[in-house]
Amino acid sequence: MSADLPELTTIALSLQDGVAEVCLNRPERSNAMNAPMWQELRSAFAWADATPRVRVAILSGAGRNFCGGIDLALLSSVGELVAHEDAARGREALRRLILDLQDCLSAIERCRKPVLAGIQGACIGGAIDLVTCCDMRYAAADASFSVREIDVGMTADVGTLQRLPRLISDGLARELAYTGRAVGAREARRSGLVNRVYPSTDALLSGVRMIALTIAGKSPLAIRGTKEMLNYGRDHSIADGLNYVATWNAAMLQSADVEETMRAKHEQRPPRYRD
């Protein structure tokens, strides 16, 4: 294990074979997202982004459930956190708090390395915001997904309503957001929310790690460029995306990774890319 791993209290972090494993580690609370966990998610993925040896990341949750969403103690303390004698300044503080929580999760999208979510048990409320930031989602057969903010009388505000309709049909996203009903693993697979369903948590983690190792064996520069283009293309027109990738590859195409690929093919061996 690397000595330069950040010190975290709510997340277990490891790095092996180019794969960073980011594991939510409050199993006794179903990995509910308390105040430290939000900040540590940002720290963990900023570290993964900045560390050359990290080529891909896996996001998982310890214990029976992937994540029970935002910790209710944090939610109930919001009033105290933003209290001010001037109501307008208090509302400004609340807006800044929401924007900061959004940014903690957006750090996953900003991470240049692909992030694979392995989900077992409950994935509720803020956990939906969390996994929709990831590149791919994989589930154990017992996984259950629900947008629960509506059941506590609030509008989801840290990413679900913006990202979920880009992953599943708009009508289904609205149904889940309006009703709060749970979606099982099989329905999640049919709807496109998850890529694959595994029979157990052990099979899930093993399968996701195999996919991660496959990605880790590819050109890191090409993988980072691919994520950049996919994210950019999602938010821009096709013409904008084509223009951007032309500019990108004008700078990146003639790389040591391409040379190594050609050399490895000639020598009939697996390529060995630098970090």
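Up top is the structure.
Residues numbered from 1 in each chain as written. Predicted model: local features only at pLDDT ≥ 70, side-chain atom pairs only at ≥ 80, totals over all residues. Heavy atoms only, no water.

Trainee: Can you explain the pattern of salt bridges? Please cite residues and give values.
Mentor: This structure, assessed with the given rule, holds 22 salt bridges. Here Asp86 ties to Arg89 by a salt bridge, and the two come within 2.5 Å at their closest N and O atoms. Close ionic contact of Arg166 with Asp235 constitutes a salt bridge, the shortest N to O distance being 4.0 Å. You can see Arg166 sitting in the loop between α6 (160-163) and α7 (170-179) and its partner Asp235 sitting in helix α10 (residues 220-235), a full 69 residues away along the chain. Assessed through its relative accessible area of 43%, Asp235 is described here as partly exposed. (Salt bridge = Lys/Arg side-chain N within 4 Å of Asp/Glu carboxyl O. Helix = DSSP H or I, 4+ residues; strand = E, 2+ residues; numbered from the N terminus. Buried < 20%, exposed > 50% of the residue type's maximum accessible area, 1.4 Å probe, protein only.)

Trainee: Requested: an account of the sheet that holds strand β3 (residues 56-61), with residues and values cited.
Mentor: Ordered by their spatial adjacency, six strands build an open sheet running β1-β2-β3-β4-β6-β9, and the pairing between neighbours is mixed. Unpaired on one side and paired on the other, β1 (11-16) and β9 (196-198) mark the two borders of the sheet. Strand-to-strand twist of the sheet, defined as the mean angle between neighbouring strand axes without regard to direction, takes the value 20°. Pairing of β1 with strand β2 (residues 19-24), which is carried by six bridges, proceeds in the antiparallel orientation. Looking across to β2, one finds that Leu13 is bridged to Val22. Lying over the sheet, helix α9 (residues 201-216) contacts β1, β2, β3, β4 (115-119), β6 (136-140) and β9, oriented at roughly 155° with respect to β6. (Pairing = 2+ DSSP bridges. Axes fitted to C-alpha atoms, helices over the stretch in contact; angles between N-to-C directions. Contact = heavy atoms within 4.5 Å.)

Trainee: Which residues make up the pairing of β3, and what values do they have?
Mentor: Judged by how many residues are buried, β3 sits mostly within the fold: six of six residues are covered. Considered for its hand, the β-α-β crossover made up of β2, helix α1 (residues 35-50) and β3 is right-handed. Where β3 meets β4, three bridges bridge the pair, whose relative direction is parallel. Residue Ala57 lies in a different strand from β4, and its bridge partner there is Val115. (Right-handed = clockwise from strand over helix to strand, strands pointing away.)

Trainee: Describe the packing of aromatic side chains, and please don't skip the residues or the numbers.
Mentor: Using the criterion set out here, one finds two aromatic pairs in the structure. A ring pair is formed by Tyr232 and Tyr244, whose centres lie 4.4 Å apart and whose planes are at 55°; its orientation type is tilted. With Tyr232 in helix α10 and Tyr244 in helix α11 (residues 238-252), this pair connects stretches of sequence that are twelve residues apart. What makes Tyr244 partly exposed here is its relative accessible area of 21%. Judged by centre distance (6.2 Å) and plane angle (85°), the rings of Tyr244 and Trp248 are edge-to-face. With Tyr244 and Trp248 both in helix α11, this residue pair falls four residues apart, about one helical turn. Feature note: the residues Tyr232, Tyr244 and Trp248 constitute an aromatic cluster, connected by ring pairs. (Phe/Tyr/Trp six-rings, centres within 6.5 Å; stacked < 30°, edge-to-face > 60°.)

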